Amino acid sequence: MTKLNTHDLVVVTGAGGFIGGHLVSELKRRGHSRIRAVDYKPFDQWYQHFDDVENRVLDLREAKACEAAAQEARYIFNLAADMGGMGFIELNKAACMLTVLINTHMLMAARNAGTERFFFSSSACVYAAEKQTSADVQPLSEGDAYPAMPEDGYGWEKLFSERMCRHFTEDFGLITRVARYHNVYGPHGTFDGGREKAPAAICRKVIKAQLSGSGEIEIWGDGEQTRSFTYIDDCLEGTLRLMESGVAEPLNVGSDQLVTINRLVDIVENVAGVKLKRRYKLDAPKGVRGRNSDNTLVKARLGWAPSISLEHGMRKTYEWIHQQMTTGQRILA
Ligand SMILES: NC(=O)c1ccc[n+]([C@@H]2O[C@H](COP(=O)([O-])OP(=O)(O)OC[C@H]3O[C@@H](n4cnc5c(N)ncnc54)[C@H](O)[C@@H]3O)[C@@H](O)[C@H]2O)c1
């Protein structure tokens, strides 16, 4: 098997979304000249849209659409999913599980098209909930996904699709690579409307408090729940390294800089140069109590792990959201 050439066809699904849009941009930056970008949203809703790649609007729940997406592809990065932050996945479990149609049909299409490598974007939500009950958490290592008790809905679908990847490799010889992303954030993603995740939501709330002069911010839960957040550039580096690697088993792609949500708010307040009164909404969706990434295996297998600081990444994210909100390109939630 030869290494991917820059003129081989690479397909990115979910390319109108946050990570997919950045991945298309990064592949272009690395010199790839044949990229097919696929999403089911109309082009004017894509976060990033590049005229010099092949852009397709296809609903990948349909098998025929997946065949069209996969045609002649050497590599496929499958990032399409019906997903969002805690507020979305706790209230839309069936919708999250229906993403299995995308993953099933894309794997079948990749196999039928003779695709060489298939990347699947899994999630830290596959990890057993009982290992995430304390804010002072033991970082999650890859083996913690079993015995299985993932996040209801979204996490079960991810774990099922991870296994489907494994069996497509064993039974059909399709090389699959699986990353378990941990809370990826950065510019060019959703920050309002209900699908946003904590980093973008907090930036939006801080900016809104400044613009309206309310001086107040609402925080979901007591703010002492812990997480790690992965900046988009680390996510892309991990994705591309894993795809080219010989690592067949799922790997964490996540930062291990653990913070409380209160600390995340401090960071954004520092960037914005404000101090807000905090109002805690204790009955809001909050997810697990604590979650961090154990990067021992990713370091051993890829010789790499995420390293971009939250302070740097949040500044970039804040600046982009601020620009979107103040130039009136997006409606405030
Ligand atoms: N962002 C994170 O923190 C994170 C964490 C863990 C896993 N992931 C996974 O990474 C992938 C990308 O996430 P993201 O943050 O870019 O999400 P996103 O919502 O910004 O992007 C997903 C894209 O998939 C598209 N899509 C949904 N249904 C489709 C369909 N039927 N046909 C074609 N396209 C469809 C959406 O329109 C959207 O543009 C997803 O699989 C997600 O589950 C993300």
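To be clear, the structure that these remarks concern was listed above.
Given the structure is predicted, the values throughout are model-derived calculations rather than measurements.

Okay, the layout of surface pockets next. Space inside the second largest pocket adds up to approximately 190 Å³. Forming the walls of the second largest pocket are 13 residues, and the residues nearest its centre are Glu162, Arg166, Arg180, Glu249 and Pro250. A per-element tally of the lining of the second largest pocket places helix α6 (residues 154-172) first, with four residues. Of the residues that constitute the lining of the second largest pocket, the class distribution is five nonpolar, two polar and six charged.

All right, on to the site of the ligand then. In the vicinity of the ligand lie 26 residues, with Ile19, Asp39, Tyr154, Val184 and Lys197 positioned nearest. At a separation of 3.4 Å, a nitrogen atom of the ligand approaches a polar backbone atom of Leu58. Separating an oxygen atom of the ligand from a backbone N or O atom of Leu79 is a distance of 3.4 Å. Summarising the interface, the protein chains cover 94% of the accessible area of the ligand, which totals 820 Å² for the free molecule. Considering each element in turn, the shell around the ligand owes the most residues, three residues, to strand β5 (residues 117-123). Residues belonging to the shell around the ligand are distributed by class as follows: 13 nonpolar, seven polar and six charged.

Moving on to helix α5 (residues 99-113). A rise of 1.5 Å per residue sets the reference length of α5, with its 15 residues, at 21 Å; its end C-alpha atoms lie 21 Å apart and thus fit the reference within 8%. Thr99, Ile102, Asn103, His105, Met106, Leu107, Ala109 and Ala110 are the residues of α5 that are buried. Within two residues after α5, Gly114 carries a phi angle of roughly 75°, on the positive side.

Moving on, we come to unusual backbone geometry. For the peptide bond that leads from Tyr146 to Pro147, omega is -5°, which places it in the cis range. Note on placement: Pro147 falls in the loop between β5 and α6. A positive phi angle, near 65°, is found at Glu72, a position not held by glycine. Among the secondary structure elements, Glu72 is positioned in the loop between α2 (63-70) and β4 (75-78). The backbone of His188 shows a phi angle near 60°, a positive value even though the residue is not glycine. Among the structural elements, His188 can be located in the loop between β7 (184-185) and α7 (198-212).

With respect to the helices and strands, the residue Gly287 is situated in the loop between β13 (277-281) and α10 (296-302). What makes Gly287 partly exposed here is its relative accessible area of 31%. Taking the C-alpha atoms as reference, Gly287 lies 25 Å from Val298; in sequence the two are 11 residues apart. Not counting residues within four places of it along the chain, the set of residues in contact with Gly287 comprises Met86, Glu90 and Arg227.

Time to look at the packing of α7 against helix α11 (residues 310-326). How two helices pack is summed up by the angle between their axes together with the distance between the axes. One can describe the packing of α7 onto α11 by two numbers: an axis separation of 9 Å at closest approach and a directional angle of 50°. What the angle tells us is that α7 and α11 run oblique. The handedness of the crossing between α7 and α11 is right-handed. Along its contact with α7, which presents Pro199, Ala200, Cys203, Arg204, Val206, Ile207, Lys208, Gln210 and Leu211, the element α11 presents Met314, Thr317, Tyr318, Ile321, His322, Met325 and Thr326. Among the residues making up the contact of α7 with α11, the classes are represented as 10 nonpolar, four polar and two charged.

With that settled, the discussion passes to the sheet that holds β4. Read across the open sheet, the seven strands follow the order β3-β2-β1-β4-β5-β6-β11; overall the sheet is parallel. On the outer flanks of this sheet lie β3 (54-57) and β11 (251-253), each paired with one strand and no other. When strand polarity is set aside, the average angle formed by the axes of neighbouring strands in this sheet is 20°. Pairing geometry for β5 and strand β6 (residues 175-181), over seven bridges, is parallel. Bridging across to β6, Ser123 finds its partner in Tyr181. Packing against the sheet, α5 makes contact with β1 (10-13), β4, β5 and β6, and its axis sits at approximately 180° to β4.

Conventions we followed
Residues numbered from 1 in each chain as written. Predicted model: local features only at pLDDT ≥ 70, side-chain atom pairs only at ≥ 80, totals over all residues. Heavy atoms only, no water. 1 Å grid on protein atoms, 1.4 Å probe; cavity = no way out; pocket = protein on both sides within 12 Å on 5 of 7 lines; lining within 4 Å. Points joined across faces, edges and corners; volume = space filled by probe spheres on them. Helix = DSSP H or I, 4+ residues; strand = E, 2+ residues; numbered from the N terminus. Nonpolar A, V, L, I, M, F, W, Y, C, P; charged D, E, K, R; others polar. Near = heavy atom within 4 Å. Polar contact = N/O pair within 3.5 Å; in protein donor to acceptor, adjacent residues only side chain to side chain. Areas by Shrake-Rupley, 256 points an atom, 1.4 Å probe, with all protein chains shown as cover. Expected span 1.5 Å × (residues − 1). Buried < 20%, exposed > 50% of the residue type's maximum accessible area, 1.4 Å probe, protein only. Contact = heavy atoms within 4.5 Å. Axes fitted to C-alpha atoms, helices over the stretch in contact; angles between N-to-C directions. Parallel < 35°, antiparallel > 145°, perpendicular 65-115°, else oblique. Left-handed = near helix turned anticlockwise from the far one by under 90°. Pairing = 2+ DSSP bridges.

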